[in-house]
Amino acid sequence: MFRLAPSRRGFSRCFSSIPFDTKPFPFRRFEPCCPDAATAVENGFVPCKQHPFPNVIGKKVDFESDMVRLPTTNRHMVVCVGEEGPEWHKAKVEKVKLGMVQAVENIKHREAKAFHHHDRTQLPPGSNTLLTVCDRERIQGDKFDQPWPASDVLLFPAFHVAKAVDPLKPEFSRILDAIWAPEKEDLDKVKEHVQVENLADTTQAVVLVCTHRMRDARCGVLGPILVDEFKRCLKAKGLHGEEAKKLGKHVDVYGTSHFGGHKFAGNLIIHSPSLGGHMYGNVRACHVDTIIDRHIIDEKVIREIWRGPV
């Protein structure tokens, strides 16, 4: 598990154990596989003949600045709001009234105030948790009778899914306390309130692509293209679908909300039990097949487009 790094001095120490791929990535950042150099634009963006997308988006992508960031989180909580979730209509998902993200943020704020009152030297509960929503259907299984905002919640790096969590119920704060436990998600303490399943039983990786168009058009345009390309390539490799689930080799792909750095679109996070969570930027459809081979199958992190651990 990656710890918070307070300074650049801890930068190399934090990343020293990451298994970076020693083979060179076949593309530079944001490089197309089939360049159409005749229509290159002023910021150096080169369209791709095989994987086209609007030039106006390419003109606004930053593929020169340093993308790598020091880790500020080592947990990721993903609320499954479905494709029709009200969060997609807001630039900031925490602004949806009565939604789970708003409920979590309210509890984090309240506990942070109380925590700092007693001990200003430690981080308050939940401060190391990245919180996003995704378009996975809101509740999977036999509990669809529960109304919104009850939703399944994906928990990483534990690689668990907490089923039908309802932020409006009084036990919600206890569930969050279990999720925010110091070492790992300790949901056994609240098993009378929430059903927990192990994603690793059927799934070897989860790909979360930023598709949050209300926040920024770059990810809003590039994200869905990447989602479709991942699903296409994964199916071709036998890694997406019911047969893959039976073998425990299925890879899920979902659109997710903003997690920072839209200027580095396309942005995505890959979670796996073996590698943990890693963020990539400047991803094009041209890169997807190689990312699947290198990161998901060979379990190596691609340094050229890496933004850091999650």
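What counts as what
Position numbers for residues count from 1 along each chain, tracking the sequence in the order it is written. With pLDDT at 70 or above as the cut-off, local features in this predicted model cover only qualifying residues; side-chain atom pairs require 80 or more to be listed or tallied, and sums for whole chains, interfaces and linings still use all residues. To get the side-chain values, all heavy atoms of the structure are used, and hydrogens and water are removed first. Each helix is a run of DSSP H or I of at least 4 residues and each strand a run of E of at least 2, with the numbering of both proceeding from the N terminus. With the radius of gyration taken over C-alpha atoms, the globule rule is written as 2.2 Å times the number of residues to the power 0.38. Any residue under 20% of the maximum accessible area for its type is buried, any over 50% is exposed, and the rest in between are partly exposed; the area is computed with a 1.4 Å probe on protein chains only. Any two residues having at least one pair of non-hydrogen atoms within 4.5 Å are treated as being in contact. In the cavity and pocket records, a cavity denotes points on a 1 Å grid over the protein atoms alone where a 1.4 Å probe fits but cannot get out, a pocket denotes an open set with protein on both sides within 12 Å along at least 5 of 7 lines, and lining residues are residues with an atom within 4 Å of a point. Grid points are joined across faces, edges and corners, and a volume is the space filled by probe spheres set on the points. Ten residue types, Ala, Val, Leu, Ile, Met, Phe, Trp, Tyr, Cys and Pro, are classed as nonpolar, four, Asp, Glu, Lys and Arg, as charged, and the remainder, Gly among them, as polar. A pair is scored as a salt bridge if a Lys or Arg side-chain nitrogen falls within 4 Å of a carboxyl oxygen belonging to Asp or Glu. Paired strands, as defined in this entry, are two strands with at least two bridges between them according to DSSP. Side-chain atoms within 4.5 Å link the members of a nonpolar core, which is a set of buried Ala, Val, Leu, Ile, Met, Phe, Trp, Tyr and Cys residues. Counted as a polar contact is a pair of N or O atoms within 3.5 Å, where, for protein atoms, one must be capable of donating a hydrogen and the other of accepting one, and residues adjacent in sequence contribute only when both atoms are in side chains.

A. Quick peek at the overall build of the chain. Per the secondary structure count, the chain includes seven helices and ten strands. The C-alpha radius of gyration of the chain comes to 19 Å, within 12% of the 19 Å expected for a compact globule of 310 residues. Over its C-alpha atoms, taken along the principal directions, the chain stretches across nearly 60 × 45 × 35 Å. By the burial criterion, 54% of the 310 residues in the chain qualify as buried. Put simply, 68% of the contacts in the chain that link residues at least 6 apart link residues at least 24 apart.

B. Main features of unusual backbone geometry. Cis geometry marks the peptide bond from Trp148 to Pro149; its omega dihedral reads 15°. Structurally, Pro149 is set in the loop between β2 (129-134) and β3 (151-156). The omega angle of the peptide bond from Phe156 to Pro157 is 10°, so this bond is cis rather than trans. A positive phi angle, close to 65°, is found at Phe30, a residue other than glycine. Phe30 gets classed as buried once you look at its relative accessible area, which sits at 3%. The residue Asn282 is not glycine, and still its phi comes out positive at about 55°. Secondary-structure assignment places Asn282 in the loop between β9 (276-280) and α7 (288-297). With a relative accessible area of 0%, Asn282 lands in the buried category.

C. View of the layout of surface pockets. When its volume is computed, the largest pocket comes out at roughly 550 Å³. What lines the largest pocket is a set of 24 residues, and nearest its centre among them are Arg136, Glu137, Gln140, Asp252 and Tyr254. At the level of elements, β4 (160-165), β5 (195-198), α5 (217-236) and β7 (250-256) are the ones that each hand at least two residues to the lining of the largest pocket. Here the lining of the largest pocket gets five residues from one element, more than from any other, and that element is β7. For the lining of the largest pocket, a count of residues per class yields seven nonpolar, eight polar and nine charged.

D. Structural context of the pattern of salt bridges. Tallied over the full model, the rule gives 14 salt bridges. Two residues, Glu105 and Lys108, come together in a salt bridge whose shortest N-O distance is 3.9 Å. Note that Glu105 and Lys108 are positioned in helix α3 (residues 100-118) at a spacing of three residues, about one turn of the helix. Notably, a salt bridge pairs Arg218 with Asp216, separated by 2.9 Å at the nearest N-O pair. A single burial state applies to Arg218 and to Asp216, both of which are buried. Through salt bridges that share partners, Arg136, Asp152 and Lys163 make up one connected network.

E. Region of interest: the pairing of β7. Of all seven residues making up β7, seven are buried, and the element is well covered by its neighbours. Every second residue of β7 is oriented toward a common face, with His250, Asp252, Tyr254 and Thr256 on one face and Val251, Val253 and Gly255 on the other, all of them buried. Of the strand pairs in this sheet, strand β6 (residues 203-210) and β7 are connected by seven bridges, and their pairing is parallel. Across the sheet, the residue bridging to Val206 is Asp252, located in β7.

F. Representation of the nonpolar core in the model. Ranked by internal contacts, the top residues of the largest apolar core, which has 30 residues, are Val207, Phe230, Leu268, Ile270, Tyr280, Ile292 and Trp306. Of all the elements in the fold, those that place two or more residues in this core are β6, α5, β7, β8 (268-272) and α7. Tallying contributions element by element places α5 first for this core, with five residues. Core analysis: the next-biggest nonpolar cluster, separate from the first, contains 28 residues, Phe30, Leu208, Val221 and Tyr254 among them.

G. Structural context of the side chain of Arg136. Take Arg136: it is sitting in the loop between β2 and β3. Residue Arg136 is classed as buried on the basis of its relative accessible area of 7%. Within the structure, Arg136 has its side chain in polar contact with the side chain of Tyr254 (distance 3.5 Å).

H. Highlighting α7. For α7, the buried fraction is high: seven of the ten residues fall into the buried class. Structurally, α7 contributes buried residues whose contacts are with β6, α5, β7, β8 and β9. Downstream of α7 by one or two residues, Glu299 has phi in the positive range, about 60°.

I. Inspection of empty space enclosed by the protein at higher detail. Within this structure, the stated rule accounts for one cavity of 30 Å³ or more. Each pocket or cavity is described by its volume, and for the largest cavity that value is around 40 Å³. Looking at the largest cavity, the residues that line it are His51, Phe53, Leu222, Ile225, Leu226, Val283, Arg284 and Ala285.

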